[in-house]
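Summary of structural features
Next come the chains, spelled out residue by residue.
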Amino acid sequence: MCFFFSFMPATFWLVIGYFVLFASTRADGPVKTFGRALSIWAFVISGFIVVAGAYVTLAGWCPIAGLMQHSG
């Protein structure tokens, strides 16, 4: 379950990264370079969140799964 729930913040960071990348294409000079670097960083964060969610789920450390087992 943690893997699927990790898509929510990952989607948020992807949208932010795309918006920053789009805004940086309209800028000039160092602002354009900084915007590209910032958008790449947002994409990396997004990927890390999905990988972390998959790792937590596969390792069996997902607290959501424990809550679902004890609820019923």
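Since we're looking at a predicted model, the values are computed, not measured.

**With respect to the packing of aromatic side chains**
To describe a pair of aromatic rings, you give the distance between the ring centres and the angle between the ring planes. Counted under the stated rule, the structure contains 4 aromatic pairs. Plain terms: the ring middles of Tyr55 and Trp61 are 5.5 Å apart, the flat faces sit at 85° to each other, and that makes the pair edge-to-face. The pair formed by Tyr55 and Trp61 is uniform in burial state, with each residue classed as exposed. An aromatic cluster of three or more residues is present, and its members are Phe3, Phe4 and Phe7.

**Structural notes on the state of the cysteines**
As enumerated under the stated definition, the model contains 1 disulfide in all. In this model, Cys2 is linked to Cys62 through a disulfide, with the two sulfur atoms separated by 2.1 Å. Linking Cys2 and Cys62, the disulfide has an S-S dihedral of approximately 90° and is accordingly described as right-handed. One end of the pair, Cys2, is in helix H1 (residues 2-5); the other, Cys62, is in the loop between helix H3 (30-59) and helix H4 (63-70), with 60 residues separating them in the sequence. On the accessibility criterion, Cys2 (13% relative accessible area) is buried.

**Describing the packing of helix H2 (residues 7-25) against H3**
Close contact between H2 and H3 brings their axes to 8 Å; oriented N to C, the two are set at 165°. With respect to H3, the element H2 is oriented roughly antiparallel. Handedness of the crossing formed by H2 with H3: left-handed. When H2 is examined against H3, the residues Phe7, Pro9, Ala10, Trp13, Leu14, Gly17, Tyr18, Val20, Leu21, Ser24 and Thr25 are found in contact with a partner set consisting of Lys32, Gly35, Arg36, Leu38, Ser39, Ala42, Phe43, Ile45, Ser46, Ile49 and Val50. Per-class residue counts for the contact of H2 with H3 are 14 nonpolar, 6 polar and 2 charged.

**What about H2?**
The end-to-end C-alpha separation of H2 is 27 Å, in line with the 27 Å expected for 19 residues at 1.5 Å each. Ala10, Gly17, Val20 and Ser24 are the residues of H2 that are buried. Down the axis of H2, the buried side of the element spans an arc of 90°, and every buried residue falls inside it. Away from its buried face by more than 90 degrees, H2 exposes Met8, Val15, Tyr18 and Phe19. Those residues of H2 that are buried lie in contact with H3.

The rules behind the values
Residues numbered from 1 in each chain as written. Predicted model: local features only at pLDDT ≥ 70, side-chain atom pairs only at ≥ 80, totals over all residues. Heavy atoms only, no water. Phe/Tyr/Trp six-rings, centres within 6.5 Å; stacked < 30°, edge-to-face > 60°. Buried < 20%, exposed > 50% of the residue type's maximum accessible area, 1.4 Å probe, protein only. Disulfide = S-S within 2.5 Å. Helix = DSSP H or I, 4+ residues; strand = E, 2+ residues; numbered from the N terminus. Axes fitted to C-alpha atoms, helices over the stretch in contact; angles between N-to-C directions. Parallel < 35°, antiparallel > 145°, perpendicular 65-115°, else oblique. Left-handed = near helix turned anticlockwise from the far one by under 90°. Contact = heavy atoms within 4.5 Å. Nonpolar A, V, L, I, M, F, W, Y, C, P; charged D, E, K, R; others polar. Expected span 1.5 Å × (residues − 1). Arc of directions from axis to C-beta.

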